[in-house]
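What follows is the residue order along each chain.
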Amino acid sequence: TGVLLQNGWGAFSGNMTSVIEAYLSEIQNHASQEFSNLTNRIGTGKIRFKSISYLDSSRQRRKIFAVGESMIIEIELDCIEPLSCKTSRIDVGINTMLGERVSWLSTYIYSNTINLIDNKIRFLIPEILLNSGDYTVNIYAETDEDVADWIPNVAKFSVEYHDLFNTGKEIPSDQGYFITNFKLI
């Protein structure tokens, strides 16, 4: 038996399968909501996330990508004051549907390159090497060492396997979260 909590209150209870299904359904609903209406965000509001989009190499919006494709995560935001590259950062956490972190993207790594164009920041993943499955995204902004905006499980995307190795064979989804591009020599 399990319980799904929302804002500290029991929202749903039942067997574990039904609780997980309710949780996954709730996450999918978040992906279609306007960010301005989200209640599960935390922060001072100095930075406010407005939207997130997943773009392919042609800058077309998509939610499903093939292993090996490139993906751009584009985040639109509002800033109350200009961002300081030295005291601000924007993070994207990529998680499995069970909440396990598989990747972290952050402007912190490139500390002096927060470059907003049209109030958007873009993270380029040149080659998606995640195994087949559904993934959720957390987005986080910090300025002056304070949490400015943090929204967990705000959107979902999917990765589908394609013949990355040109062998006609698929890597089983239970063989890990990452696909390592390798060759036999």
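Residues numbered from 1 in each chain as written. Predicted model: local features only at pLDDT ≥ 70, side-chain atom pairs only at ≥ 80, totals over all residues. Heavy atoms only, no water.

**Some words on the confidence of the model for the chain**
Detail in the predicted coordinates should be disregarded across regions flagged by low pLDDT. Formally: Predictor confidence is given residue by residue as pLDDT, running from a minimum of 0 to a maximum of 100. Residue contacts follow a heavy-atom distance rule, with two residues in contact if any of their heavy atoms lie within 4.5 Å.
Summarising the model, the chain shows a mean pLDDT of 84, and 85% of its residues fall at 70 or more. Confidence over residues 28-33 falls short of pLDDT 50; this stretch has 10 contacts with residues more than four positions distant or in other chains.

**Structural notes on the pairing of strand β9 (residues 133-143)**
What counts here: When accessible area is computed with a 1.4 Å probe and restricted to protein chains, residues below 20% of their type maximum are described as buried, those above 50% as exposed, and intermediate ones as partly exposed. Elements are defined by DSSP. Helices are runs of H or I of four residues or more, strands are runs of E of two residues or more, and each kind is numbered from the N terminus. Between any two strands, at least two bridges found by DSSP are needed for them to pair.
Judged by how many residues are buried, β9 sits mostly within the fold: 9 of 11 residues are covered. As consecutive antiparallel partners, β9 and strand β10 (residues 146-160) are separated by 2 residues, and within that stretch Asp144 has a phi angle of approximately 50°, a positive value.

**What about a nonpolar patch on the surface?**
The cut-off we apply is this: For patch building, the residue pool is restricted to those with more than 30% relative accessible area and no salt bridge; the joining distance is 9 Å between like charges and 5 Å between nonpolar side chains (Val, Leu, Ile, Met, Phe, Trp, Tyr). Note on areas: Shrake-Rupley, 1.4 Å probe, and residue coverage restricted to the protein chains presented here. Here, a salt bridge means any side-chain nitrogen of Lys or Arg that lies within 4 Å of a carboxyl oxygen of Asp or Glu.
On the surface, a cluster of nonpolar side chains totalling about 510 Å² of accessible area is made up of Trp104, Tyr108, Ile109 and Tyr110. With respect to the helices, strands and loops of the structure, Ile109 is situated in the loop between β7 (101-106) and β8 (120-125).

**Focus on the nonpolar core**
What tends to happen in soluble globular proteins is that the nonpolar side chains get buried as a cluster. In plain terms, the rule: We define a nonpolar core as any set of buried Ala, Val, Leu, Ile, Met, Phe, Trp, Tyr and Cys residues linked to one another through side-chain atoms lying within 4.5 Å.
Among the nonpolar cores identified, the biggest contains 35 residues, and Ile52, Ile73, Ile75, Ile94 and Ile139 are the most heavily contacted of them. Contributions of two or more residues to this core are made by β3 (47-55), β5 (71-79), β6 (88-96), β7, β8, β9 and β10. Take this core: its biggest share by element is 6 residues, from β10. Non-local contacts of Ile75, meaning those with residues more than four positions away in its chain, are made with Phe49, Ser51, Ile52, Val92, Asn119, Lys120, Ile121, Phe123 and Ile139.

**Considering the environment of Glu145**
Mapping Glu145 onto the fold places it in the loop between β9 and β10. Residues Glu145 and Arg89, 56 residues apart in the sequence, show an inter-C-alpha distance of 9.1 Å.

**As for the sheet that holds β9**
Heads up, the condition is: Note on geometry: axes are C-alpha line fits, over the in-contact stretch for helices, and angles between N-to-C directions span 0 to 180 degrees.
A sheet is described by the order of its strands in space; here 5 strands give the open sequence β4-β10-β9-β6-β7, paired in mixed fashion. Two strands close off the open sheet at either side, each with one partner strand: β4 (64-66) and β7. Sheet twist, expressed as the average angle between the axes of neighbouring strands with direction ignored, equals 30°.

**Side note on the pattern of salt bridges**
In the structure shown here, the tally under the stated rule is 10 salt bridges. In this structure, the salt-bridge partner of Glu76 is Lys50, at a minimum N-O distance of 3.6 Å. In this pair, Glu76 is assigned in strand β5 and Lys50 in strand β3, connecting sequence segments 26 residues apart. Classification of Lys50 as partly exposed rests on a relative accessible area of 38%. In this structure, the salt-bridge partner of Lys156 is Asp134, at a minimum N-O distance of 3.9 Å. Taken as a pair, Lys156 in strand β10 and Asp134 in strand β9 lie far apart in primary sequence, 22 residues in all. According to the relative accessible area criterion, Asp134 is partly exposed, its value standing at 33%.

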